[in-house]
Amino acid sequence: MATIVRDIIVYGAEWCGDCERSKRILKQHGISYILKDVDADPAADLELRALIGTGNRSLPRILFRSGIDTEHMEIVNTLIEPDDNSLLRELRLREWIKA
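Residues numbered from 1 in each chain as written. Predicted model: local features only at pLDDT ≥ 70, side-chain atom pairs only at ≥ 80, totals over all residues. Heavy atoms only, no water.

Draft legend 1. Structural detail: the pairing of strand β4 (residues 73-80). As defined by bridge partners, strand β3 (residues 61-67) adjoins β4 across seven bridges and the pair is classed as antiparallel. Residue Arg-65 lies in a different strand from β4, and its bridge partner there is Ile-75. Connecting the antiparallel pair β3 and β4 is a turn made up of five residues. (Pairing = 2+ DSSP bridges. Helix = DSSP H or I, 4+ residues; strand = E, 2+ residues; numbered from the N terminus.)

Structure representation (C-alpha cells):
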C-alpha cells in the first residue's frame with residue numbers, strides 16, 4: 001500500500017489579521033505548514049495569481065494537498081478567508097486533528 005504525502009500551504013501577508021489567526025490555529029495544534037507571503041515573495045504572488053486567475057487576492061488562501069510523493073501533489077480543498085470553525089472543521093475532516 002502506497003503512503004500518501006500531504007501538506008498545507010498558506011498564502012498570506014504580514015499585514016493580514018485573518019492570516020495571523022489561521023496560522024495561530026495551525027500552530028496551536030502542532031500542524032506544520034508552508035507559508036507563502038505574497039507581498040514579500042514575488043514568486044508566491046505569481047503562484048497565487050495563477051491559481052485564482054483574475055479573481056480577488058483574498059487572504060489567507062489555505063490549500064490542502066495530497067499525493068503519492070511531493071512531486072505529484074494535488075489540491076484536495078481550498079479555504080479562502082476561513083473563520084476559525086471552518087478551518088477547524090477542515091482540519092478534522094482531513095484528519096490533521098482528532099474530532
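Draft legend 2. View of the pattern of salt bridges. Counting across every chain of the model gives nine salt bridges. Arg-65 is paired through a salt bridge with Asp-7; the nearest N and O atoms lie 2.7 Å apart. Taken together, the residues Arg-65 in strand β3 and Asp-7 in strand β1 (residues 5-12) connect sequence positions 58 residues apart. The exposure class of Arg-65 is partly exposed, given its relative accessible area of 22%. A salt bridge links Asp-39 to Arg-57; the shortest N-O distance between them is 3.1 Å. (Salt bridge = Lys/Arg side-chain N within 4 Å of Asp/Glu carboxyl O. Buried < 20%, exposed > 50% of the residue type's maximum accessible area, 1.4 Å probe, protein only.)

Draft legend 3. Molecular detail of helix α1 (residues 17-28). If you check α1, its first and last C-alpha atoms are 16 Å apart, about what 12 residues at 1.5 Å a residue would give, namely 16 Å. Every buried residue of α1 is listed here: Cys-19, Arg-21, Ser-22, Lys-23, Ile-25 and Leu-26. Looking at the buried residues of α1, the elements they touch are β1, β2 (34-37), β3 and α3 (84-93). Just downstream of α1, Gly-30 is the residue with a positive phi angle, here 65 degrees. (Expected span 1.5 Å × (residues − 1). Contact = heavy atoms within 4.5 Å.)

Draft legend 4. Examining the packing of aromatic side chains more closely. Counted according to the given criterion, the structure contains zero aromatic pairs. In this structure, Arg-6 packs its charged tip against the face of Trp-96, placed 4.0 Å from the ring centre. (Phe/Tyr/Trp six-rings, centres within 6.5 Å; stacked < 30°, edge-to-face > 60°. Lys NZ or Arg CZ within 6 Å of the ring centre and 35° of its normal.)

Draft legend 5. Structural view of the environment of Arg-89. Secondary-structure assignment places Arg-89 in helix α3. For Arg-89 and Ala-99, which are 10 residues apart along the polypeptide, the C-alpha to C-alpha distance reads 8.6 Å.

Draft legend 6. Expanded view of the sheet that holds β3. Strand order in the open sheet formed by four strands is β2-β1-β3-β4, with mixed pairing between adjacent strands. Either end of the sheet is taken by a strand with one partner, and the two such strands are β2 and β4. When strand polarity is set aside, the average angle formed by the axes of neighbouring strands in this sheet is 20 degrees. With four bridges joining them, β1 and β2 adopt parallel strand pairing. Following the sheet pairing, Gly-12 is matched in β2 by Asp-37. (Axes fitted to C-alpha atoms, helices over the stretch in contact; angles between N-to-C directions.)

Any functional reading would require information beyond the geometric quantities listed.
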